[in-house]
Amino acid sequence: MTMTTSRQERYSTRTIDIIVHGATGFTGKRVVTHLAKHHPELNVAVCGRSQDKLTAVANSVGWNESKCKSSIFVVSDIVNENDKLVAAFANAKVVIACAGPYRQCGLPILKAAVEARADYLDLCGEPQFFDDTLLSFDREARSAGVLACHAAAFDCVPAELGAALAERELLKNNTSCAGVEVIHTMQNVSCANATTWHAAVDGFHAAASGELAKSRQKVKENYPEFKETMPPSRPAEWAKAPVAPGLLPGYNEELELRTMKFVGADSSAIRCSWRYLRSRKPDHPRKGTSIPEPKLSVLIGMDSKDSMSALKVMGFGATFSFLARYKWGCDMLHANPEGFSGGVFKTEGPTQEELEKGRFTTYVTAFGPNNNDRRARVKVSGPEPGYVATPILIVSLALTILDTGKADAGNDLSFDAGVTLPGALFGDSEKVYEHMRNEGVNFDVVDEFDDSQSPV
């Protein structure tokens, strides 16, 4: 492979700032729309399987005939047309990959991005895919000087970067972080697109069937540095906070919320980020090899007065977790997302009105080793999480990477290349938080969580 050159030098020869692959999908179209509306200064291209659908997306954001001709790339078979995909990415600085489920179609996209030496972001919240790409492309990406970051969406940016910011606040007071609690809450969010459901079914089946355990074992075998940089055990005298709920809902007194375990990829992503950052930067002030790993709890918060909603979540969750253990059960879940989710996941996704009304608030607390230690609190808030906030989040991360390719712009990312996750790559960056605030997702360090916005 060609030896790496600086990102500034590589970017100076490329005319496409961002190419969006999967631009005709439910989320991909919204990423393109966000870029066109808020960043007309960027040269954006689109890539996918259908000329007609790509042209429709281009027309919807006002591209003229000349722009369409230069900025639409059709690759109908990403597996057997790798050279064509590499050619599409070769003039781009950053690839935003929006086509999922990623375990089914993600590897060829990342392969082409690394070969084209284009930096890469995706929306993937599938833990096994994290392992697969780490094994397949991390060392190659490092050699090529390419950054590849997964989970650049609501899965898992608010939790990952909220946790990193809260830990940093504790460290300012020379307080070790003994625990991290993340509580997601949704306001006026009633449904999501079925693609997210299908990815969750496959991901849960991978965990239940042992596929995920096998991939984790392969990672251990191929990355001895992860074992070599294991943190010391958490001291027994440290406070037990946060206390996570078990099978039954818990209760958060500060927020007055019922809480249940959040079944998304946040917990896995945060731990993977901690492990990766520790292996790449053994002397890191938050995640160095001499620092015990905090206790972690990622939860969903619900109205404490609405017992019926909690019971429904438990019922649908139990059905899902049982069926997803078996291939025949997965087939049933894939065939009827709306029925098995109580109408939460729909093939057509949420309506425009639902997207406009939706909001999310994520509450992140970092705990010190003693019960009387100061706690660091971060409140993350933004619009509808799945399809309005997600374009904001992934574009913010892309802008931060693009900044590192500008002359004299500086670089506050944790490393320059590799396959990683948001917390490891962006957790110490000031620019990424600035971009997200400017785009419409706020990360606020607060003394107390107040009731200025109803959490549910």
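Residues numbered from 1 in each chain as written. Predicted model: local features only at pLDDT ≥ 70, side-chain atom pairs only at ≥ 80, totals over all residues. Heavy atoms only, no water.

(A) Representation of the environment of Asp 132. With respect to the helices and strands, Asp 132 occurs in helix α7 (residues 127–144). Between the C-alpha atoms of Asp 132 and Lys 281, which are 149 residues apart in sequence, the distance is 22 Å. (Helix = DSSP H or I, 4+ residues; strand = E, 2+ residues; numbered from the N terminus.)

(B) Summary view of the nonpolar core. By size, the foremost hydrophobic cluster in this structure holds 116 residues, and its most contacted members are Phe 89 and Tyr 120. A per-element tally of this core places helix α17 (residues 385–404) first, with ten residues. When neighbours within four sequence positions are excluded, Phe 89 is seen to be in contact with Arg 14, Ile 19, His 21, Val 95, Ile 109, Ala 112, Ala 113, Ala 116 and Ala 118. Counting twelve residues, the second largest nonpolar core, distinct from the first, contains Phe 26, Ala 192, Leu 323 and Leu 333. (Core = buried A, V, L, I, M, F, W, Y, C linked by side-chain atoms within 4.5 Å. Buried < 20%, exposed > 50% of the residue type's maximum accessible area, 1.4 Å probe, protein only. Contact = heavy atoms within 4.5 Å.)

(C) Region of interest: the sheet that holds strand β11 (residues 295–303). Read from one edge to the other, the open sheet built from seven strands follows the order β9-β10-β11-β7-β13-β14-β16, with strand pairing classed as mixed. Both edges of this open sheet fall to β9 (250–252) and β16 (442–446), since each of them pairs with a single strand only. Averaged over all neighbouring strand pairs, the angle between strand axes comes to 30 degrees, with direction disregarded. Sheet topology places β9 next to strand β10 (residues 257–261); three bridges connect them, and they run antiparallel. (Pairing = 2+ DSSP bridges. Axes fitted to C-alpha atoms, helices over the stretch in contact; angles between N-to-C directions.)

(D) Fine view of the side chain of Thr 400. Position of Thr 400 among the secondary structure elements: in helix α17. Filtering out sequence-adjacent residues up to four positions away, Thr 400 remains in contact with Leu 413, Phe 426, Ser 429, Lys 431, Val 432 and His 435.

(E) Quick look at the pattern of salt bridges. Applying the stated criterion to the full structure yields 20 salt bridges. A salt bridge links Arg 142 to Asp 138, with the nearest nitrogen and oxygen atoms 2.9 Å apart. Taken together, the positions of Arg 142 and Asp 138, both in helix α7 and four residues apart, correspond to about one turn of that helix. Judged by its relative accessible area of 27%, Arg 142 is partly exposed. Residue Glu 293 pairs with Arg 278 through a salt bridge whose shortest N-O separation is 3.2 Å. A residue pair is termed long-range when its members are at least 10 positions apart, and Glu 293 in the loop between α12 (266–280) and β11 and Arg 278 in helix α12 qualify at 15 residues. Classification of Arg 278 by relative accessible area gives buried; the value is 4%. Taken together, the shared-partner salt bridges connect Glu 167, Arg 286, Lys 287 and Asp 428 into one network. (Salt bridge = Lys/Arg side-chain N within 4 Å of Asp/Glu carboxyl O.)

(F) Spotlight on the sheet that holds strand β15 (residues 418–420). Taken in spatial order, the seven strands line up as β3-β2-β1-β4-β5-β6-β15 in an open sheet, and their pairing is parallel. At either end of the open sheet lies a strand with only one pairing partner, and these are β3 (72–74) and β15. The mean angle between the axes of side-by-side strands here comes to 15 degrees, regardless of whether they run parallel or antiparallel.

(G) Local environment of the side chain of Thr 420. By the element assignment, Thr 420 lies in strand β15. Residue Thr 420 is classed as buried on the basis of its relative accessible area, which comes to 3%. If we ignore the near neighbours within four places in the chain, the residues touching Thr 420 are Ala 148, Cys 149, His 150, Tyr 276, Phe 415 and Leu 425.

(H) Seen up close, the environment of Lys 67. If you trace the backbone, Lys 67 turns up in helix α4 (residues 65–71). Using a relative accessible area of 18% as the deciding quantity, one classes Lys 67 as buried. On a C-alpha basis, the gap between Lys 67 and Ala 45 in space is 8.8 Å, while along the polypeptide they are 22 residues apart. When residues no more than four places from it in sequence are discounted, the contact partners of Lys 67 are Asn 43 and Val 44.

(I) Representation of helix α5 (residues 82–89). Taken residue by residue, α5 has Asn 82, Leu 85, Val 86, Ala 88 and Phe 89 as its buried positions. Here the buried residues of α5 occupy an arc of 160 degrees about the axis, which is enough to place them on one side. Summarising the geometry of α5, the exposed residues directed more than 90 degrees from the buried face are Asp 83 and Ala 87. Elements in contact with the buried residues of α5: β1 (16–21), β2 (44–48), β3, β4 (92–97) and α6 (102–116). (Arc of directions from axis to C-beta.)

(J) Broad picture of the state of the cysteines. Scanning all chains against the criterion turns up zero disulfides. Considering cysteine sulfurs only, Cys 105 is the nearest to Cys 98, which forms no disulfide, with 11 Å between them. We note that Cys 105 lacks a disulfide partner, and the nearest cysteine sulfur, in Cys 124, lies 9.5 Å from it. (Disulfide = S-S within 2.5 Å.)

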